[in-house]
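# Structural overview for review
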Amino acid sequence: MAKIIAFSNQKGGVGKTTACVNVATALALKGNRVLVVDLDSQGNATSSLGFFDKNLHNSTYSVLVDGANIKNCILNTETNGLKTLPASKDLAGAEIELCGKPHRERALASALEPIEDEFDFVLIDCAPSLSLLTVNALVAADGVIVPLVAEYFALEGLAQMMNTIRLVKRSLNPQIDILGVVINMYDARVKLAREVKAEVEKLFKDRVFETTIPRNVRLAEAPSFGKPIALYDNKCAGAVAYDALVQEIIQKI
Ligand SMILES: Nc1ncnc2c1ncn2[C@@H]1O[C@H](COP(=O)(O)OP(=O)(O)O)[C@@H](O)[C@H]1O
Ligand SMILES: [Mg+2]
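Residues numbered from 1 in each chain as written. Chains lettered and ligands numbered in written order. Predicted model: local features only at pLDDT ≥ 70, side-chain atom pairs only at ≥ 80, totals over all residues.

## Regarding the overall build of the protein chain
In terms of helices and strands, the protein chain carries eleven helices and seven strands. Since a compact globule built from 253 residues should have a radius of gyration of about 18 Å, the 17 Å found for the protein chain is in line with a globular shape. Its C-alpha atoms give the protein chain principal-axis dimensions of about 50 × 40 × 30 Å. Counting only residues that meet the buried cut, the protein chain has 48% of its 253 residues in that class. Looking at the protein chain alone, contacts between residues at least 24 apart form 78% of all its contacts between residues at least 6 apart. (Helix = DSSP H or I, 4+ residues; strand = E, 2+ residues; numbered from the N terminus. Rg over C-alpha atoms; globule rule 2.2 N^0.38 Å. Buried ≥ 20, exposed ≤ 12 C-beta atoms within 10 Å, placed from the backbone. Contact = placed C-beta atoms within 7 Å.)

## Description of the site of ligand 1
With respect to spatial proximity, 18 residues lie near ligand 1, and among them Gly 15, Lys 16, Thr 17, Thr 18 and Ala 220 are the closest. If you list the elements that add at least two residues to the shell around ligand 1, you get helix H1 (16-29) and helix H9 (217-221). The element best represented in the shell around ligand 1 is H1, accounting for three residues. Taken together, the residues of the shell around ligand 1 sort by class into seven nonpolar, nine polar and two charged. (Near = placed C-beta within 6 Å. Nonpolar A, V, L, I, M, F, W, Y, C, P; charged D, E, K, R; others polar.)

## Side note on the nonpolar core
In terms of nonpolar packing, the biggest core is built from 82 residues, with Val 23, Leu 123 and Ile 124 touching the most fellow members. A total of eight residues in this core trace back to one element, the largest contributor, which is H1. Beyond its immediate sequence surroundings of up to four residues, Val 23 is in contact with Leu 123, Tyr 242, Leu 245, Val 246 and Ile 249. (Core = buried A, V, L, I, M, F, W, Y, C linked by C-beta atoms within 7 Å.)

## Considering the pairing of strand E6 (residues 143-149)
Counting buried positions over the seven residues of E6 gives six, a clear majority of the element. Summarising the sheet, strand E1 (residues 3-7) and E6 pair through three bridges and their orientation is parallel. The residue bridging Phe 7 from the neighbouring strand is Ile 145, located in E6. Across seven bridges, E6 lies against strand E7 (residues 177-184) in parallel orientation. Each bridged residue has a counterpart across the sheet, and for Val 149 the counterpart in E7 is Asn 184. (Pairing = 2+ DSSP bridges.)

## Digging into the environment of Gln 160
Tracing the backbone shows Gln 160 in helix H7 (residues 158-171). The class for Gln 160 is exposed, based on 11 C-beta atoms found within 10 Å. Note: C-alpha distance between Gln 160 and Leu 130 (30 residues apart in sequence) is 8.8 Å. Those residues within four positions of Gln 160 in sequence are excluded, and the remaining contacts are Gln 10 and Leu 130.

## Examining unusual backbone geometry
Notably, His 103 is not glycine yet its phi reads approximately 50°, a positive angle. As for its placement among the helices and strands, His 103 is situated in the loop between helix H4 (94-99) and helix H5 (107-112). Even without a glycine there, the phi angle at Met 185 is positive, about 55°. Along the chain, Met 185 falls in the loop between E7 and helix H8 (191-204).

## Thoughts on helix H11 (residues 237-252)
An ideal rise of 1.5 Å per residue puts 22 Å on 16 residues; H11 measures up with 23 Å between its terminal C-alpha atoms. Turning to H11, its buried residues are Gly 238, Ala 239, Ala 241, Tyr 242, Leu 245, Val 246 and Ile 249. End-on, the buried residues of H11 take up no more than an arc of 155°, which puts them together on one face. Buried residues belonging to H11 abut H1, E7, H9 and helix H10 (229-232). (Expected span 1.5 Å × (residues − 1). Arc of directions from axis to C-beta.)

## A short note on the sheet that holds E6
The strand order E3-E4-E2-E5-E1-E6-E7 describes an open sheet built from seven strands, whose pairing is mixed. Single-partner strands in this sheet number two, and they are strand E3 (75-76) and E7. Pairing of E3 with strand E4 (residues 82-85) involves two bridges; the strand directions are antiparallel. Looking at the pairing, Leu 75 lines up with Thr 84 of E4. Contacts from helix H6 (residues 132-140) reach E1, strand E2 (34-39), strand E5 (121-126) and E6 within the one sheet, and its direction differs from that of E5 by about 160°. (Axes fitted to C-alpha atoms, helices over the stretch in contact; angles between N-to-C directions.)

Here it is in structure tokens:
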């Protein structure tokens, strides 16, 4: 059975996609069978893995809305063992179309069922919202990883997200838990960053990963080449940090 992990934070630009793609790659390079599900109509995870066509016919949208067979929609990536269910632009309309369907919160969970034995990990890249698609991710997932940036507004909105997770846990998916909070673009020399980190640790205690991800320009460059950091520059500080984070994730599971 695959371990299903959602990367979620309703704030944009905190590193959900970067974390999802690079954790997935690091897991695959350790010999795991990994699937990245792109659940954001912007399709950033899809392009970060080398697929720049935003009009794909076989995508998350086809699976969730048209009931397409997920096995026909999964693509191999450049990394051995790493596959993706890509997002296309039309995923933006999926919310509205899903709304009228029965079991609309379970569309993704049901779609993943037939392939759960084919993967060790399924990582879901969520959009920056608490929309029905994100609820679908939380219903399907065993755990949530919350990336955040240690800035002034970091904690804003997080209470609402915790509340959503609590509601999902109570009604739709009792097994869901926060696997961990990962602090991204961290610079320990900045006082505010240290303060926000301390605040996050007070709130989430041992659910904050010890590994922090530094601001690293290589991490920002890699997606434009359609490559995860491990293939773009596996020695840079960003790649080293993601390796350490994956060690921690494996230990926690
Ligand atoms: N540690 C990092 N150092 C430098 N740039 C980063 C880092 N993490 C993410 N980025 C860049 O910041 C932007 C937002 O990251 P992204 O992963 O797309 O966030 P989200 O998916 O939460 O919106 C992207 O351009 C990404 O390349
Ligand atoms: Mg994203």
